[in-house]
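Architecture at a glance
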Amino acid sequence: MAKELFFIIIGSIFVNNFVFSRFLGNCPFLGVSNKTETAIGMGIATTFVLTMTAVAAYFIQNYVLAPFGLEPFLQIVSFILVIASLVQLVEMVILKVSPALYNAFGIFLPLITTNCIVMAVALLIPMNNYNLIKSIALGLGAGLGFTLALALMSGIREDLEFADVPEALRGPAIVFITAGLLSLIFLGFTGLVPLA
Amino acid sequence: MQLFKDFINGIWNENPIFRMVIGICSALAVTTAANNGIAMGMALTFVLTCSSILISLLRNIIPAKVRIPCYIIVVATFTTVVDLFMKAYFPSLYEVMGIFIPLIVVNCIVLARAEAFASKVGPVRATADALGMGLGYTWAITLISMIRELMGAGTLFGYHIMGEGFTPWTIMIMPPGAFIVMGILVGLMNMITRKPVE
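This structure is a prediction, so every number in the text was calculated from the model and none was measured. (Residues numbered from 1 in each chain as written. Chains lettered and ligands numbered in written order. Predicted model: local features only at pLDDT ≥ 70, side-chain atom pairs only at ≥ 80, totals over all residues. Heavy atoms only, no water.)

**As for the overall build of chain B**
This is how the line gets drawn: The numbering of helices and of strands both runs from the N terminus, where a helix is a DSSP run of H or I of at least 4 residues and a strand a run of E of at least 2. Burial classification: accessible surface area is computed with a 1.4 Å probe over protein chains only, and a residue below 20% of its type maximum counts as buried, one above 50% as exposed, and the rest as partly exposed. For this analysis, residues touch if any pair of their heavy atoms sits within 4.5 Å. All accessible-area figures derive from a Shrake-Rupley calculation using a 1.4 Å probe, and residue coverage is judged against the displayed protein chains alone.
Broken down by element type, chain B carries 8 helices and 2 strands. The N-to-C order of helical and strand elements in chain B reads α-α-α-α-α-α-α-β-β-α. Considered along the principal axes of its C-alpha atoms, chain B spans approximately 60 × 55 × 25 Å. For chain B, buried positions account for 52% of its 198 residues. Long-range pairs, those at least 24 residues apart, make up 74% of the contacts in chain B between residues at least 6 apart in sequence. When the accessible surface of chain B is summed, it comes to about 9,100 Å², and 71% of that surface belongs to carbon and sulfur atoms.

As structure tokens, this is what we get:
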């Protein structure tokens, strides 16, 4: 069990990194990887929401959708609604509990609803028949992998600002090419853990 | 004339993939073969057009404060329709695209057009805009997938194009290839549309 959890977490951080090899969460990845500070704030906020979504998705799938046979046609609608309200709830709680924390990453929270990593994790849980603990591990691993990708990219982009990039490639184009090289590096982790 | 302008806008000037650079997750993930690109483009165009029409019709009824959740429900409904349809009629394509069909619901293009355009104009203009954006998305990802399939497998729509001696660049159908092709195409697009400096 512990071994499997380890595989899930390491697998989703390195081997199947959600950004570099599963192509999820690319919009925020391009949008907020300008500065390391904001990138890490976004990463932490997303990890938090992802872990909570994993728990919520597990309970909804196994205690509401599956027993009542609603799975085929209500899964997408109910997951997206739960994610949207969860994000709203987290935002409200953080605002009440710690305004300082809210100032630090409150602005990222509304963006997380449309981050496809969150929806993907919710959908992957019933697809792989994960139990509660494995679901949490998947959410946590996905979040950490996303944070790692953002932190790496923002570090490179801060230096890229001073580089002499050909004019046509400035902006998103060079970011894609850099992401391609990073993705090539992450291919090196293939085989680190056995495939689930 | 206005309708034509709305339609062309998405195909070229504000092409969602190459100009706005939104909704790229699916554009990178499913573009390993040209067929997948076309299928994904059609699925997205359907969801985008149907939800734009419905949102445009409901624009005076939906309260401004809860508009985003309302849009999401509309989009999720049509995504479910596509999801079930593909699962029933194109099981092999559905298998390849995996979770990217249900993920249309969080595709930024659909929500962005609902918020920026469909919620402000009548259903006819909203349809023109949605069709243009959908077609713009479709040609963009079909181009990406054709390049990746040709170089990565030596085929195009499943037919062998490259000669016998061609060694496929396997990297092109792997994740890094997607990012690099995308980067180069966005760069080319910048070069073509760059306004001459005065």
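**Details of the overall build of chain A**
Inclusion rule: Radius of gyration: C-alpha atoms only; globule rule: 2.2 Å multiplied by the number of residues to the exponent 0.38.
Counting its secondary structure elements, chain A contains 9 helices and 0 strands. For chain A, the α and β elements follow one another from N to C terminus as α-α-α-α-α-α-α-α-α. By the compact-globule yardstick of 16 Å for 196 residues, chain A fits well, its C-alpha radius of gyration being 18 Å. If one aligns the C-alpha atoms of chain A with their principal axes, the spans along those axes are about 60 × 45 × 30 Å. Counting every position in chain A, which comprises 196 residues, the buried fraction comes to 52%. Summarising the internal contacts of chain A: among those between residues at least 6 apart in sequence, 77% fall at separations of at least 24.

**Topic: the nonpolar core**
Rules: In this text, buried Ala, Val, Leu, Ile, Met, Phe, Trp, Tyr and Cys residues form a nonpolar core when linked through side-chain atoms within 4.5 Å.
By size, the foremost hydrophobic cluster in this structure holds 118 residues, and its most contacted members are A:F20, A:M119, A:V121, A:F176, B:I17 and B:L103. Sort the elements by how many residues they give to this core and helix α7 (residues 116–128) of chain A lands first, with 10 residues. Excluding anything up to four places from it in sequence, A:M119 contacts A:I76, A:F79, A:I80, A:I83, B:L103, B:V105 and B:V106.

**Observations concerning a nonpolar patch on the surface**
Residue and element names in this part refer to chain B. For the record, the criterion: The patches described consist of residues with a relative accessible area above 30% and no salt bridge, like charges being joined within 9 Å and nonpolar side chains (Val, Leu, Ile, Met, Phe, Trp, Tyr) within 5 Å. Here a salt bridge means any side-chain nitrogen of Lys or Arg lying within 4 Å of a carboxyl oxygen belonging to Asp or Glu.
A surface patch of nonpolar side chains, amounting to about 850 Å² of accessible area, comprises M1, F4, I8, W12, I184, L188, M191 and I192. Residue assignment for the nonpolar patch shows that the elements contributing at least two residues are α1 (2–11) and α8 (175–193). Considering each element in turn, the nonpolar patch owes the most residues, 4 residues, to α8. Following the sequence through the fold, I192 ends up in helix α8. Classification of I192 by relative accessible area gives exposed; the value is 59%.

**Regarding the confidence of the model for chain B**
What counts is decided by this rule: What pLDDT expresses is the predictor's confidence in each residue, scored from 0 to 100.
For chain B, the mean per-residue pLDDT works out to 91, and 98% of the residues sit at or above 70. Here strand β2 (residues 159–160) of chain B stands out as the least confident element of chain B, with mean pLDDT 88; helix α3 (residues 34–57) of chain B is the most confident, with 95.

**Regarding the UniProt feature "transmembrane region" (unreviewed entry) in chain A**
Residue and element names in this part refer to chain A. Definition in use: UniProt positions are given in the numbering used here, feature names are shortened, and annotations may be inferred rather than shown by experiment.
Taking the numbering used here, the UniProt-annotated feature "transmembrane region" (unreviewed entry) corresponds to residues 5–24, 39–60, 72–95, 101–125, 132–153 and 173–195. Segment residues 39–60 splits into 100% helix and 0% strand. End C-alpha atoms: 31 Å apart. A distance of 36 Å separates the end C-alpha atoms of residues 72–95, which is 100% helix and 0% strand.

**Focus: the pattern of salt bridges**
All names here are of chain B. Within this structure, the stated rule accounts for 5 salt bridges over all chains. One salt bridge in this structure joins D6 and R125, with 2.7 Å as the shortest N-O distance. Residue D6 is located in helix α1, and its partner R125 is located in helix α7 (residues 123–153); the two are separated by 119 residues in the primary sequence. Under the relative-accessibility criterion, R125 is labelled partly exposed at 30%. The shortest N-O distance in the salt bridge between R113 and E14 comes to 3.9 Å. Taken together, the residues span a long stretch of sequence, with R113 in helix α6 (residues 108–118) and E14 in the loop between α1 and α2 (24–29) at a distance of 99 residues. Accessibility expressed as a relative area gives 29% for E14, which makes it partly exposed.

**Some details on the packing of helix α3 (residues 36–65) of chain A against α7(A)**
Each pair of packed helices can be described by the angle between their axes along with the distance between the axes. All names here are of chain A. Under the convention used in this document: To obtain each axis, a line is fitted to C-alpha atoms, and for helices this fit is confined to the stretch in contact; angles are then taken between N-to-C directions over 0 to 180 degrees. Left-handed describes a crossing whose near helix is turned anticlockwise from the far helix through less than a right angle; right-handed describes the clockwise counterpart. Ten residues, namely Ala, Val, Leu, Ile, Met, Phe, Trp, Tyr, Cys and Pro, are considered nonpolar, four, namely Asp, Glu, Lys and Arg, are considered charged, and the remaining ones, Gly among them, are considered polar.
Contact geometry for α3 and α7: axes closest at 9 Å, N-to-C directions at 35°. The crossing of α3 and α7 is right-handed. The segment α3 lies against α7, with L50, T53, A54, A57, Y58 and Q61 engaging I117, V118, V121, A122, I125 and P126. Looking at the contact of α3 with α7, its residues break down into 10 nonpolar, 2 polar and no charged.

**Details of the interface of chain B and chain A**
Short version of the rule: In this description, buried area is defined as the sum, over both parts, of the accessible area (probe of 1.4 Å) that is lost when the two are combined. Think of a polar contact as two N or O atoms within 3.5 Å of one another; within protein, one of them needs to be a possible hydrogen donor and the other a possible acceptor, and neighboring residues in sequence only count if both atoms come from side chains.
Contacts between chain B and chain A engage 37 residues on the former and 37 residues on the latter. Counting each side, the surface lost to burial between chain B and chain A is near 3,100 Å², with a carbon and sulfur contribution of 85%. Sorting the residues of chain B by area buried against chain A places B:I99, B:V106 and B:F179 first, and these three jointly supply 21% of that buried surface. Seen at the junction of chain B and chain A, the total is 0 salt bridges. On inspection of chain B and its partner chain A, the count reaches 1 residue pair in polar contact (both at pLDDT 80 or more). Going through the elements one at a time, α2, α4 (67–89), α6 and α8 of chain B are the ones with two or more residues in the side of chain B that touches chain A. Of the residues forming the side of chain B that touches chain A, the biggest block, 12 residues, is contributed by α8(B). By residue class, the composition of the side of chain B that touches chain A is 28 nonpolar, 7 polar and 2 charged.

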